Amino acid sequence: MATTVTVRELIAKVSAGAVRIPRFQRPLRWRDVDVVKLLDSISKGYPVGSLLFWKREAPAEPLQVGGATISTEHTEDAWWVVDGQQRTTALAASLLDLDHGGDVRWVVSFDPATNSFRSGPPNPEEEGRVVPVSVLGDLRRLGRWIRDSPLDEASTDLLEQVQQRLLDYAIPAYVVDTEDEQALRAVFARLNSTGTHMREDEVFHALYGAPYQSGAASLDLDALQNACDVDGFGKPLREDVLRAVLAMAGHEPFARTDVSELDSAELPSRGDAERVLTNVREFLFSQCGVPTYSLLPYPVAFVILVKWFYLHPDSDQPTRQQLARWFWREAAAGVHQGADAVRVVRMRLQSKKITSDLQGSLARLLAQAPSDAFTASRGWSLQRFGSRSARSRLETLALLSRRPRDKFGEVSIAEVEGRLAREIFSSNTWDALDRPDRGLATTAANRAILDARDVDLDAHLREWDAVKDAERLRTHLIDETSFRLLLKGEVGAFLHRRAEAVRECVESFLRDRCAWEEPLFRLPDAYIDKDDP
């Protein structure tokens, strides 16, 4: 049904709970300047686009409007916002008399002296001359405000004109009255195929993340992210969670997919998706020794492992051991790095190797993984450290494998998350070094895992005792000689010595986990003749 709805009618329906703005579509991203521009456009009669609603039942539940929450009653024919969430929210949040709890994006004022809108409430000295837009949202509120205002007749006339232009502005609207969710999804997808495109995960979240009338538990990407965030593991990116869901649905997770055309029957249930993600998190944490998602060298592996555990949820310990070996060989050799096109081809090939045949799937993955010790010929090279670099994440995991300690015991990852592998010497200290030494200062040779209040870790470490704290220092790859160099302020010499220790640590760490020299055995079940009585 094509219709129009005035701003007055729209905000009244929101206030009454007859328009619902669910946790649906993309997150609210409008800034205060966007709200001001919308109000200015409406007051000038500019077009602001159309709205799309889905007419259906809505329960009694709290409704989030900007930074405020209002209670709603059950209604049989609510309008659920399908397209136009940002505009609907901006109008209701700014024009209704609501408490946004400090979220000033939705607080706008109108100054009749300049005939303009601006973000934020009036200043104390402007009270009575500059009107909050929430006052303009209701005839009686504006009448009371004008009675207490010292403004002249011309200014009050302007306020009444602006209010009328705002509240009587008619917005084109389409109200879809159908039980066919797929039809609604098609309309939504086409509306968002032009102009500023929504991200693929935002479209999926809008189409399958809302509690549709079918009653099935939604595949809310935010909730699936939270399912992974247990024991400090952290949240995967929403894009990676979407790829994981596509992999579970039997689609190519690394190919461009029109999510509006997905068959709902193919998608995993919410419970199955959460169980698989939990299984993958536990595998990475317990079997691979990756304590947080932020230290996963290549998040691609997360999606590939999701497909594995969706098809093989009951993989036994020998299978998990060999799967962990595959994970580390791929990570150590940097299989998933390189040019985008090359990396995508690799990812697709690996994903396709995983089928319902457990033995064959594992054999195919391991056959493709590098099978020789790449460090044997050239060793591990230290490069510039960066938290987003796969090499730096591998180095951090190697440093963590030493179980670094402070004066209270083993350093807790939860305490240092976000500050993992801090610099020992700050740039102010090593800026005067020779170029080769400055280069080392940018690498993991100048990083340690400690939760200290000191800006520079070297100041903290200098307080330690060479004898009493010798074991603690060794957990940070600082031996007696290195510690003497630190105390004497010989930064360059310290960095060279520690660089060798870090290289040896990383190489040993990867050799143990990749097991380059160990032969690959078939799983025990492969040696059992299923036809034997």
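Let me sum up the structure you'll find in this document. These numbers were taken from a predicted model, which means no experiment stands behind them.

### Looking at the overall build of the protein chain
Link 1 in the chain: The secondary structure content of the protein chain amounts to 24 helices and 14 strands.
Link 2 in the chain: By the burial criterion, 51% of the 533 residues in the protein chain qualify as buried.
Link 3 in the chain: Contacts in the protein chain between residues at least 24 apart in sequence constitute 71% of all its contacts with a sequence separation of at least 6.
Link 4 in the chain: For the protein chain, the accessible area works out to roughly 25500 Å², and carbon and sulfur atoms hold 48% of it.

### As for helix H23 (residues 480–488)
Residues that lie three or four places apart on an α-helix share one face, since the helix turns once every 3.6 residues.
Link 1 in the chain: Taken together, the buried positions of H23 are occupied by Ser482, Phe483, Leu485 and Leu486. Buried residues of H23, seen end-on, are gathered within an arc of 160 degrees and therefore sit on one face of the element. Exposed side chains of H23 directed beyond 90 degrees from the buried face belong to Glu480 and Lys488.
Link 2 in the chain: Each element contacted by the buried residues of H23 is listed here: helix H21 (457–461), helix H22 (470–474) and helix H24 (491–514).
Link 3 in the chain: You can read the cap of H23 off the contacts: a side-chain oxygen lies 3.3 Å from the backbone nitrogen of threonine 481, and it is on aspartate 479.

### Here's the deal with the sheet that holds strand E1 (residues 2–6)
Link 1 in the chain: Spatially, E1-E10-E3-E6-E2 is the arrangement adopted by the five strands of the open sheet, whose pairing is mixed. Pairing within the sheet leaves two strands with one partner each, and these edge strands are E1 and strand E2 (19–20).
Link 2 in the chain: Where helix H1 (residues 7–15) meets the sheet, it contacts E1, E2, strand E3 (51–58), strand E6 (75–83) and strand E10 (170–176), and its direction lies at approximately 85 degrees from that of E1.
Link 3 in the chain: Here helix H3 (residues 85–95) sits on the sheet and contacts E2, E3, E6 and E10; the angle it forms with E6, its principal contact strand, is near 115 degrees.

### What to know about a negative patch on the surface
Link 1 in the chain: Residues Glu57, Glu76, Asp77 and Asp177 make up a contiguous surface patch of negative charge.
Link 2 in the chain: Here glutamate 57 is to be found in strand E3.

### What about the environment of alanine 113?
Link 1 in the chain: With respect to the element layout, alanine 113 can be found in the loop between strand E7 (108–111) and strand E8 (116–119).
Link 2 in the chain: Separated by 38 residues in sequence, alanine 113 and leucine 151 place their C-alpha atoms 9.8 Å apart.

### Some words on helix H15 (residues 358–368)
Link 1 in the chain: Those residues of H15 not exposed but buried are Gly360, Ser361, Leu362, Leu365 and Leu366.
Link 2 in the chain: You can read the cap of H15 off the contacts: a side-chain oxygen lies 3.4 Å from the backbone nitrogen of glutamine 359, and it is on aspartate 357.

### A few points about the nonpolar core
One broad trend across soluble globular proteins is that nonpolar side chains are buried collectively.
Link 1 in the chain: Grouped together as the largest cluster of nonpolar side chains are 95 residues, with contacts concentrated most on Phe204, Leu284, Phe302, Phe327 and Trp328.
Link 2 in the chain: With 10 residues, the top contributor of residues to this core is H24.
Link 3 in the chain: Contacts of leucine 284, omitting those with residues within four sequence positions, involve Phe233, Gly289, Val290, Leu296, Phe302, Leu305 and Phe327.
Link 4 in the chain: In this structure, Leu10, Leu96, Leu158 and Val162 belong to the second largest nonpolar core, which totals 48 residues.

### Overview of the sheet that holds strand E9 (residues 131–132)
Link 1 in the chain: Spatially, the three strands line up as an open sheet ordered E8-E7-E9, and their pairing is antiparallel. At either end of the open sheet lies a strand with only one pairing partner, and these are E8 and E9.
Link 2 in the chain: For E7 and E9, the ladder comprises two bridges, and the chain directions are antiparallel. Across the sheet, serine 109 pairs through a bridge with proline 132, a residue of E9.
Link 3 in the chain: Packed on one face of the sheet, helix H6 (residues 153–167) meets E7, E8 and E9 and runs near 135 degrees to E7.

### Regarding the pairing of E10
Link 1 in the chain: The two faces of E10 differ: Ile171, Ala173 and Val175 on one face are buried, but Ala170, Pro172, Tyr174 and Val176 on the other face are not.
Link 2 in the chain: For E3 and E10, the ladder comprises four bridges, and the chain directions are parallel. Paired with phenylalanine 53 across the bridge in E10 is valine 175.

### Quick notes on the pattern of salt bridges
Link 1 in the chain: Applying the stated criterion to the full structure yields 22 salt bridges.
Link 2 in the chain: Aspartate 168 serves as the salt-bridge partner of arginine 8, at 2.5 Å between the closest nitrogen and oxygen. Placement of arginine 8 in helix H1 and of aspartate 168 in the loop between H6 and E10 is noted, with a sequence separation of 160 residues between them.
Link 3 in the chain: The exposure class of arginine 8 is partly exposed, given its relative accessible area of 34%.
Link 4 in the chain: Owing to a relative accessible area of 37%, aspartate 168 belongs among the partly exposed residues under this scheme.
Link 5 in the chain: Note that arginine 243 and aspartate 240 form a salt bridge whose closest N and O atoms lie 2.9 Å from each other. One end of the pair is arginine 243 and the other is aspartate 240, both in helix H10 (residues 238–248) and three residues apart, which spans about a single turn.
Link 6 in the chain: Residue class for arginine 243 comes out partly exposed when judged on its relative accessible area of 31%.
Link 7 in the chain: A cluster of three or more residues bridged by salt bridges with shared partners is formed by Asp111, Arg118 and Glu126.

### So, the packing of aromatic side chains
Link 1 in the chain: As enumerated under the stated definition, the model contains eight aromatic pairs in all.
Link 2 in the chain: An angle of 55 degrees between the planes, with centres 4.9 Å apart, marks the rings of phenylalanine 110 and phenylalanine 117 as tilted. Each of the two residues, phenylalanine 110 as well as phenylalanine 117, counts as buried.
Link 3 in the chain: Geometrically, the ring pair formed by phenylalanine 283 and phenylalanine 309 is tilted, given 5.3 Å between the ring centres and 55 degrees between the ring planes. Of the two residues, phenylalanine 283 sits in helix H11 (residues 270–287) while phenylalanine 309 sits in helix H12 (residues 300–311), which places them 26 residues apart along the sequence. Exposure class is identical for phenylalanine 283 and phenylalanine 309. Each is buried.
Link 4 in the chain: Linked through ring pairs, Phe233, Tyr293 and Phe302 together constitute an aromatic cluster.
Link 5 in the chain: The ring centre of tryptophan 79 lies 4.4 Å from the NZ or CZ of lysine 13, which sits over that ring.
Link 6 in the chain: Between the NZ or CZ atom of arginine 472 and the centre of the ring of tryptophan 464, over which it lies, the distance is 4.0 Å.

Rules and cut-offs
Residues numbered from 1 in each chain as written. Predicted model: local features only at pLDDT ≥ 70, side-chain atom pairs only at ≥ 80, totals over all residues. Heavy atoms only, no water. Helix = DSSP H or I, 4+ residues; strand = E, 2+ residues; numbered from the N terminus. Buried < 20%, exposed > 50% of the residue type's maximum accessible area, 1.4 Å probe, protein only. Contact = heavy atoms within 4.5 Å. Areas by Shrake-Rupley, 256 points an atom, 1.4 Å probe, with all protein chains shown as cover. Arc of directions from axis to C-beta. Polar contact = N/O pair within 3.5 Å; in protein donor to acceptor, adjacent residues only side chain to side chain. Pairing = 2+ DSSP bridges. Axes fitted to C-alpha atoms, helices over the stretch in contact; angles between N-to-C directions. Patch = residues over 30% accessible without salt bridge, like charges linked within 9 Å, V, L, I, M, F, W, Y side chains within 5 Å. Salt bridge = Lys/Arg side-chain N within 4 Å of Asp/Glu carboxyl O. Lys, Arg positive; Asp, Glu negative; His and termini not counted. Charge placed at Lys NZ, Arg CZ, Asp CG, Glu CD. Core = buried A, V, L, I, M, F, W, Y, C linked by side-chain atoms within 4.5 Å. Phe/Tyr/Trp six-rings, centres within 6.5 Å; stacked < 30°, edge-to-face > 60°. Lys NZ or Arg CZ within 6 Å of the ring centre and 35° of its normal.

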